[in-house]
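# What the coordinates show
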Amino acid sequence: MVYQIKWSRSVGEIIASLLVSCFLLSLVYFYISASLGSLTSHERSAGLNMQTSSILGDGHIISENIGRENINKNSKATPILSCHLTDFRSEVCEIYSNVRVHGSSSSILFTSDKTINLEANKTWKIRPYTRKFDAFVMKKIRAVAIRPLDASTEAPKCSQHHNITAVVFSTSGYLGNFFHDFSDVLIPLFITAGQFEGEVQFVIADMQLWWIEKHRRVLNQLSNYAIIDFNKENKVHCYPHVIVGLYSHDELTIDPSRTPNNYSMADFARLMRKAYSLERDFAVNLAEGSKRKPRLLIIARNHTRKIINVGEVVEAGEELGFEVVVRESSFHTSVGEFSRMVNSFDVMMGVHGAGLTNEVFLPTNAVLIQIVPFGNLEALSVLDFGKAAANMMLKYLQYSISEEESTLIDIYPRDHAVFRDPLSIHRQGWATMGKIYLRQQSVKLNVTRFKPFLTRALELLT
């Protein structure tokens, strides 16, 4: 559920606000296309209608705008290769029948008992990371080559046979940023591998051991088998089914209609509670007469987008009856320890940023309050964290700060485009927009203006 508290405005202001809101929805894609590897509107719509190219077991090649499940149902034979190449966020190939994984050569080879059309004897190169739209980061991802072997080519001997599925993905890119850890890998990995209930092995390209150890508990929930370092593995591992790449739906989001078992973000949240042995499934219900004070967690930031007057916010929360705690989640924070702490709270608030990713550890029916910095960042904020909150059955409040609550007033004159025309700053691209509105800006909340949001959070706990 998504809630927003709106202030009384003149008719003119309301009309202007509606016009800006409509435009904001297009900004999210503007950010991506303008600065992270521009895609045309045709390519974006192609990503929404997933195009699948498959080589079928009978040797025919098809290319139709139909999903993987439809291919399997409508085909007389199971596809040997099923590739999803035009999705906006990622490219994924699934290979069936005698698949050989040779990591040190970055190759996936496959054969079939049936003759493959010679026209299909080509190489597909997949970069198994879920920010396909970001040309800058995708250049850093190792490409995995997928090649069919014809009858005249001797297949490399299997060093080890497996009777399970393998999933190949990368742990490079933006990992280390907590938001990207989840949005780029952990949630897509749940979408892709959750259906196998542990009977799947992870083959990781660009493997970073520190990242594996940081998220070991989640990985162990999804796979019962040892992880293979794709880059360093000299053995040839043979599988009946290999998935190269991860399916991804949106930022920090799962679309149940596109998952094999209708998994949702609520299911992912339950997985987090199981992985980290989190005690609380539900937030406090004040209507039941609980004697325990509702607990409010303020996610602090010590560099950019800080709440300068956090002490005043703590005082306001305590006046309303909250037990208030301020904590910062850093790169070196233990995920297990921090997740248990987050799970003990009923309300979490913070300025837009990676720390809000900790919402995945909140109990059901808890409240997330996202503070949106000045600069027309409302749509981006909903996309990154608000949508996920609703999908995890959390209550969501979004507070947009005013010019007077932004430290940008100490940097730029009030008649500057930063205040007068924020959209003109956005049109200069992500680098300029991010520098001004995300890195230069901190927040000094008007506690009188913000306090009704804390009151509303209490109401949502009843």
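Residues numbered from 1 in each chain as written. Predicted model: local features only at pLDDT ≥ 70, side-chain atom pairs only at ≥ 80, totals over all residues. Heavy atoms only, no water.

The protein chain carries the name Glycosyltransferase 61 catalytic domain-containing protein in an unreviewed UniProt entry, which gives Rhynchospora pubera as its organism. According to the UniProt record, the Pathway (unreviewed entry) comment for the protein chain reads "Glycan metabolism." (UniProt positions renumbered as here; feature names shortened; annotations may be inferred.)

### Some details on the overall build of the protein chain
Along the backbone of the protein chain there are 15 helices and 18 strands. Of the contacts made within the protein chain by residues no fewer than 6 positions apart, 74% connect residues no fewer than 24 positions apart. Accessible area for the protein chain stands at about 20,400 Å²; split by element, carbon and sulfur atoms hold 50% of it. (Helix = DSSP H or I, 4+ residues; strand = E, 2+ residues; numbered from the N terminus. Contact = heavy atoms within 4.5 Å. Areas by Shrake-Rupley, 256 points an atom, 1.4 Å probe, with all protein chains shown as cover.)

### Some thoughts on the pattern of salt bridges
Between side chains of opposite charge, pairing is possible as soon as their charged atoms come close. Tallied over the entire structure, the rule returns 19 salt bridges. Salt-bridge contacts for Glu319 lead to Lys451; the nearest nitrogen and oxygen are separated by 2.7 Å. Of this pair, Glu319 sits in helix H9 (residues 310-319) while Lys451 sits in helix H15 (residues 447-460); the two residues are 132 residues apart in sequence, bridging distant segments of the chain. Take Glu319: its relative accessible area is 51%, and that puts it in the exposed class. (Salt bridge = Lys/Arg side-chain N within 4 Å of Asp/Glu carboxyl O. Buried < 20%, exposed > 50% of the residue type's maximum accessible area, 1.4 Å probe, protein only.)

### A short note on the packing of aromatic side chains
Taken as a whole and assessed by the stated rule, the structure comprises 14 aromatic pairs. Ring geometry for Phe178 and Phe182: centres 5.0 Å apart, planes at 70°, overall edge-to-face. One end of the pair, Phe178, and the other, Phe182, are both in helix H5 (residues 178-193), four residues apart, so they sit about a helical turn from each other. Between the aromatic rings of Tyr276 and Phe361, the centroid separation amounts to 5.8 Å while the plane-to-plane angle is 90°, which identifies the pairing as edge-to-face. (Phe/Tyr/Trp six-rings, centres within 6.5 Å; stacked < 30°, edge-to-face > 60°.)

### A short note on the side chain of Asp206
Inspection of the secondary structure assignment puts Asp206 in the loop between strand E11 (200-205) and helix H6 (209-214). Here Asp206 falls in the buried class, since its relative accessible area comes to 15%. Other than its neighbours up to four places away in sequence, Asp206 contacts Ile141, Arg142, Ser170, Thr171, Ser172 and Asn231.

### Overview of the state of the cysteines
Every disulfide links exactly two cysteines, by a covalent bond between their sulfur atoms. Per the counting criterion, the structure on display carries two disulfides. Each sulfur in the disulfide pair Cys83 and Cys93 lies 1.9 Å from the other. Between Cys83 and Cys93, the disulfide has an S-S torsion of 110° and is therefore right-handed. Residue Cys83 is found in strand E4 (residues 81-84), and its partner Cys93 is found in strand E5 (residues 92-102); the two are separated by 10 residues along the sequence. The class for Cys93 is buried, based on a relative accessible area of 0%. (Disulfide = S-S within 2.5 Å.)

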